[in-house]
Each structure stands twice: as structure tokens, then as C-alpha cells.
Amino acid sequence: MSTLLHLDASARRRSISRELSAAFAGAWRARNPDGDYRYRDLAADPVPFIGEAWTELCDAVLALPSTDPERLGELARTPEQAAAWEIVRPLLAELLAADVILIGTPMYNYSIPASLKAWLDQVTFPRMSLGERRFVVTTARGGTYAPGAPKAAYDYQERFMRDFFAGHFAVSDTVFVHAELANSRQDPALAHRRAEHDASYTLALATARDLAEEY
Ligand SMILES: Cc1cc2nc3c(=O)[nH]c(=O)nc-3n(C[C@H](O)[C@H](O)[C@H](O)COP(=O)(O)O)c2cc1C
């Protein structure tokens, strides 16, 4: 039985990255009727930023040659560290239980929302390989960062996640599905690019749906 962990991070309820992640999740659930599906809305139900006690737990992990991530709580030495672990525990457990991690996220300020970064900070510990797991990221961005676009090099959203998942989690095949030029829906200065957005959005929806067939 396969397990899908589905995260959304857009501050908007009516959000394109949510629509794309829902397209993948819907197709995945239809294909895996016995699969385990977990959903977490990081915007509606934000995880707190890490605090000092979390960093103390992390230092304790660093001092060891290797650690079972499910047993990090045993390293807690103070009530504050135990409380920090109680925040991490369910987040880490659902991440480790997943075979597929699906993240729907907007581009904010060339990168990812603080809500998603807060989750990542909470669940990431030294020497934590997630190599057996697969990551799919659906995104929406106001402009375009497609190959050849003038701002392609400013895409720290995909680059950050791709490099971080590969460099720290040993997951080298993260798949990204982007809807470009979303601001053409609202911004008169981008209205002339609305057809490009519509094409990108339609393709992204179909790609997200089709991709689920492979997971
Ligand atoms: C706080 C904020 C920052 C944004 N920063 C960028 C940006 O740096 N580049 C960009 O192309 N679009 C940017 N946008 C536009 C969003 O990427 C766009 O609205 C997208 O549709 C958001 O995804 P969503 O529809 O899933 O919420 C920003 C939007 C917000 C609200």
C-alpha cells in the first residue's frame, strides 16, 4: 500500500497551485483506492517556526554519528526540548510514512512561502535521507521563469527545492509542474500574456493529472 502526503502552502483559498496539487491528488487517489492519503494545509494550519529548543535537539543529533529520525525525541533533555519534539513528532512521522510527497506552492518573492519553509525547517534534521521517497511539486507564479524567459535565473523556488531535496534528502528526481504568468489574470500590464498563461495552466493541470499515473 502506498502513502501520499499532500501539502498546500498558498495563502489563497482559490489558488492555482492548490488546483494543480488537487489534480494530482485526485488522480492518485483514483489510481490507489487502497492507498493512504494524508493532507496538511500549511497556510490554514501553519506549523510554528523552530525555536531555540529545536536547535538544541538538532545539535544533539549533530553530535551523534547517526540517528534514527523516529527516535529523536529520546534526545530531549529539558521540558522545552520535549515540547519542541512534540511539534516535530507528528510532522516527521507523516513525512517518513509517505512514499510520495506532493507539495502545492505559490512562488512568493522568487522563492517559497514562509509557511512551507517553516514546515521544512521543522522536519529537517542532519543526515536525514529520504532517498526512497518521491517528491512532486505543483506551483503557480505571477510571471514566467520558463527556460529562456528573461527572469528564468531568478527562479529560486524550483532551484531551492530541487537542490535542497537532492543535497540534503538524497532525492534527485523531484518533478515540478508550473503554471506561469498567473498575474495576467489580474494585472493589466500582463493582460496581453493571458493566452500564454491559459495554455501554461491547462498544460500544468493535465500534466499533474497524468503524472499521478506514474506514482
Ligand atoms: C506575497 C507574494 C509574493 C509574490 N511574489 C512573486 C514573485 O516573486 N514572482 C512571481 O512571479 N509572482 C509572485 N507572486 C504572484 C504569485 O506567484 C501568484 O499570485 C500565484 O498565482 C500564487 O499561487 P497561488 O495561485 O497558488 O496562490 C507573489 C504573490 C504574493 C501574494
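Summarised in this report is the structure supplied together with it. (Residues numbered from 1 in each chain as written. Predicted model: local features only at pLDDT ≥ 70, side-chain atom pairs only at ≥ 80, totals over all residues. Heavy atoms only, no water.)

**Considering the overall build of the chain**
Quick reminder of the rule: Counting from the N terminus, the helices are DSSP H or I runs at least four residues long and the strands are E runs at least two residues long. Put simply, the radius of gyration uses C-alpha atoms, and a globule should come to 2.2 Å times the residue count raised to 0.38.
Of the regular secondary structure elements, the chain holds 6 helices and 5 strands. Order of helices (α) and strands (β) in the chain, N terminus to C terminus: β-α-β-α-α-β-α-β-α-β-α. A globule of 215 residues ought to have a C-alpha radius of gyration of about 17 Å, and the chain, at 18 Å, matches this closely. By principal-axis analysis of the C-alpha atoms, the chain measures approximately 60 × 40 × 30 Å.

**What about the nonpolar core?**
Test applied: The criterion is simple. A nonpolar core is a set of buried Ala, Val, Leu, Ile, Met, Phe, Trp, Tyr and Cys residues joined through side-chain atoms within 4.5 Å. The rule is simple: take the accessible area with a 1.4 Å probe, protein chains only, and divide by the maximum for that residue type; under 20% is buried, over 50% is exposed, in between is partly exposed. Contact definition: two residues touch when any of their heavy atoms are within 4.5 Å.
Grouped together as the largest cluster of nonpolar side chains are 38 residues, with contacts concentrated most on Leu92, Leu95, Trp119 and Phe165. Of all elements in the fold, only strand S1 (3–8), helix H2 (52–62), helix H3 (79–97), strand S3 (100–106), helix H4 (114–123), strand S4 (134–140) and helix H5 (156–169) reach the threshold of two or more residues within this core. With 7 residues, H3 is the largest single contributor of residues to this core. The residues contacting Trp119, other than those within four sequence positions of it, are Leu5, Leu7, Arg40, Leu42, Val47, Leu91 and Leu95. Grouped together as the second largest cluster of nonpolar side chains are 22 residues, Leu4, Ile16, Phe24 and Tyr215 included.

**Here we look at H2**
Where we set the bar: Along the arc lie the directions from the helix axis toward the C-beta atoms.
Of all the residues in H2, the buried ones are Ala53, Trp54, Leu57, Cys58 and Val61. Each buried residue of H2 sits inside an arc of 145° when the element is viewed along its axis, so together they form one side. At its buried positions, H2 is contacted by H3 and H4.

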